[in-house]
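Chain by chain, the residues run as shown.
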Amino acid sequence: MEQQEIELLRQNIDILNAKLVQAKIEVAEWVEANKSLSLSAASARAKNQGAGRGFIGGLMGSKFRSVIRAGAAASNAAISKEVAEKRAQIAERKKTAQDQVRIIQSELAEAKIQLKVLTSGEKKRASVKQSVSKRAAESLDLLQKLKKAKDSGLLTHEEFEEKRKKLIDEL
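Note that the structure is a prediction, hence the values are computed from the model and not measured. (Residues numbered from 1 in each chain as written. Predicted model: local features only at pLDDT ≥ 70, side-chain atom pairs only at ≥ 80, totals over all residues. Heavy atoms only, no water.)

Enquirer: I tried to follow the overall build of the protein on my own but got confused; where do I start?
Expert: The helix and strand tally for the protein stands at four helices and zero strands. The linear arrangement of helices and strands in the protein, starting from the amino end, is α-α-α-α. The burial tally for the protein puts 19% of its 171 residues in the buried class. Partitioning the intrachain contacts of the protein with sequence separation of at least 6 by distance along the chain shows that 75% fall at a separation of at least 24. (Helix = DSSP H or I, 4+ residues; strand = E, 2+ residues; numbered from the N terminus. Buried < 20%, exposed > 50% of the residue type's maximum accessible area, 1.4 Å probe, protein only. Contact = heavy atoms within 4.5 Å.)

Enquirer: I'm lost on helix H1 (residues 2-49) in this one. Help?
Expert: Given 3.6 residues per turn, any residue in an α-helix points the same way as the ones three and four places further on. Between its first and last C-alpha atoms H1 spans 70 Å; for 48 residues at 1.5 Å apiece the expected length is 70 Å, and the two agree. Here H1 has its buried residues at Ile6, Leu9, Ile13, Leu16, Leu20, Ala23, Val27, Leu37, Ala41 and Asn48. (Expected span 1.5 Å × (residues − 1).)

Enquirer: When you look at the pattern of salt bridges in this model, what are you seeing that I'm missing?
Expert: When charged atoms on two side chains of opposite charge get close, those side chains can pair. All told, the structure shown has five salt bridges when counted by the stated rule. One salt bridge in this structure joins Arg102 and Asp99, with 2.7 Å as the shortest N-O distance. Linking Arg102 with Asp99, this pair stays in helix H3 (residues 62-151), spanning three residues, or about one helical turn. Given a relative accessible area of 48%, Arg102 falls into the partly exposed group. Since its relative accessible area comes to 27%, Asp99 is described here as partly exposed. Among the charged side chains, a network of salt bridges with common partners joins Lys95, Asp99 and Arg102. (Salt bridge = Lys/Arg side-chain N within 4 Å of Asp/Glu carboxyl O.)

Enquirer: Please clarify how the side chain of Thr119 should be interpreted in this entry.
Expert: Along the chain, Thr119 turns up in helix H3. The exposure class assigned to Thr119 is buried, which follows from its relative accessible area of 15%. In terms of polar contacts, Thr119 uses its side chain to reach the backbone carbonyl oxygen of Lys116, at 3.2 Å. With residues near it in sequence (within four places) discarded, Thr119 still touches Ile6 and Arg10. (Polar contact = N/O pair within 3.5 Å; in protein donor to acceptor, adjacent residues only side chain to side chain.)

Below is the structure:
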């Protein structure tokens, strides 16, 4: 019965370890998504920064450059708003994934404690069985020696029976 419990706990620990790896990967993916968002937003802003400059800007005049820069500013504002919204979503999903990691780690720690308790109990029982077996073997040896002592005349039948009963009672 306990062997089955131990095996189930070991299987559960393996499953929890696999879930933990997946949850940590998910957290890393959300961190990477945030980095990627920052890079793409910076790239889009950099494109807007150069708008209205260069040969065409000089050719078209200051009014053209002013209109282009106003459009770039509006575009940067829209980019900032979109980035803020996406960052909020990413942060929320990352927090959910981190919470999941903590839950799995807690379940894993509990399962490991239960396994330790069960296996230590099993070890104690095995040790007790081994101790009992050892005592039984020692008692059997002593009983054989007593029989030899009786057969060789060193002990009377009554002395032998008394010591034999005492040995058996101790078992």
